[in-house]
Amino acid sequence: MIPVRLAILASGSGTNAENIIQFFSADNRVKIAIVISNKAEAKVHQRAQNLGVPSVTLSKEVLTDGLALNQIIQKERIDFIILAGYLLKIPAELIAAFPNRIVNIHPALLPKYGGKGMYGNAVHQAVVDAKEQESGITIHFVNENYDEGSIVFQAKCPVFSEDSADEVAAKVHLLEYKHFPEVIGKLLQKEFNW
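Model, not experiment: these values are computed from the prediction. (Residues numbered from 1 in each chain as written. Predicted model: local features only at pLDDT ≥ 70, side-chain atom pairs only at ≥ 80, totals over all residues. Heavy atoms only, no water.)

Colleague: Would you mind going over the sheet that holds strand β3 (residues 55–57) in detail, with residue names and values included?
Modeller: Reading across the sheet, the seven strands line up as β3-β2-β1-β4-β5-β6-β7 and stay open at both edges, with mixed pairing between neighbours. Each edge of the sheet is formed by a strand with only one pairing partner; in this case those strands are β3 and β7 (151–158). Across the sheet, the axes of successive neighbouring strands diverge by a mean angle of 20°, strand direction being ignored. With four bridges joining them, strand β1 (residues 4–9) and strand β4 (residues 80–83) adopt parallel strand pairing. Across the sheet, Ala-7 pairs through a bridge with Ile-81, a residue of β4. Helix-sheet contacts for helix α7 (residues 165–191) involve β1, β2 (30–37), β4, β5 (102–106), β6 (134–141) and β7, and the interaxial angle to β6 is about 30°. (Pairing = 2+ DSSP bridges. Helix = DSSP H or I, 4+ residues; strand = E, 2+ residues; numbered from the N terminus. Axes fitted to C-alpha atoms, helices over the stretch in contact; angles between N-to-C directions. Contact = heavy atoms within 4.5 Å.)

Below, the structure is given as structure tokens:
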């Protein structure tokens, strides 16, 4: 059986990418073929290297040029794309080439606290400032608009009145680590008929 080839796009420290790579490391149906980042200094490169996965930095110009990015993805024979803390908008050409095969994780319960600029601590601070009683994660397919694609999965955690943004972030990270790889596995199973 030829393994399904995944690309992970990440902009930051890469803890979710690392978790996904480790989750699928013993699964011969899946190969994490490449990690792509828009930042040369992103820690995700070191994490990928430590786990034997090639990683590259591409310029914003390439990453926002749908044809150029699609060429790179096609050259790697990628079947499915995962966004794990990736901050650039996915070009329409790539979305068209991978319908329901690009998945993102957002650190809040969409449709709340999504959209341009809503990532990382900004999301958790907004949740705390709004005195929300819960937050969580949303795993969704990617479409042309930030955080508006079809929702695949959500998980919740409580937010207490005394919680700081960092404390909310810690709870949300636990949900990400627990659920993101499992949900990806289920999506792959459904998409590729395992």
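Colleague: Any chance you could break down the environment of Val-127 for me, citing the residues and the numbers?
Modeller: Tracing the chain through its elements places Val-127 in helix α6 (residues 121–129). Here Val-127 falls in the buried class, since its relative accessible area comes to 1%. Considering only alpha carbons, one finds Val-127 and Ala-165, 38 residues apart in sequence, at a separation of 7.8 Å. Sequence-distant contacts of Val-127, defined by excluding residues within four places in its chain, comprise Tyr-113, Glu-132, Glu-134, Ser-135 and Val-159. (Buried < 20%, exposed > 50% of the residue type's maximum accessible area, 1.4 Å probe, protein only.)

Colleague: Quick one: what's the story with the pairing of β4, residue by residue and with numbers?
Modeller: Going residue by residue along β4, you find Phe-80 and Ile-82 tucked away on one face and Ile-81 and Leu-83 tucked away on the opposite face as well. Where β4 and β5 come together, three bridges link them in parallel fashion. Counterpart to Leu-83 in the pairing with β5 is Asn-104. Handedness of the crossover joining β4 and β5 through helix α5 (residues 92–97) is recorded here as right-handed. (Right-handed = clockwise from strand over helix to strand, strands pointing away.)

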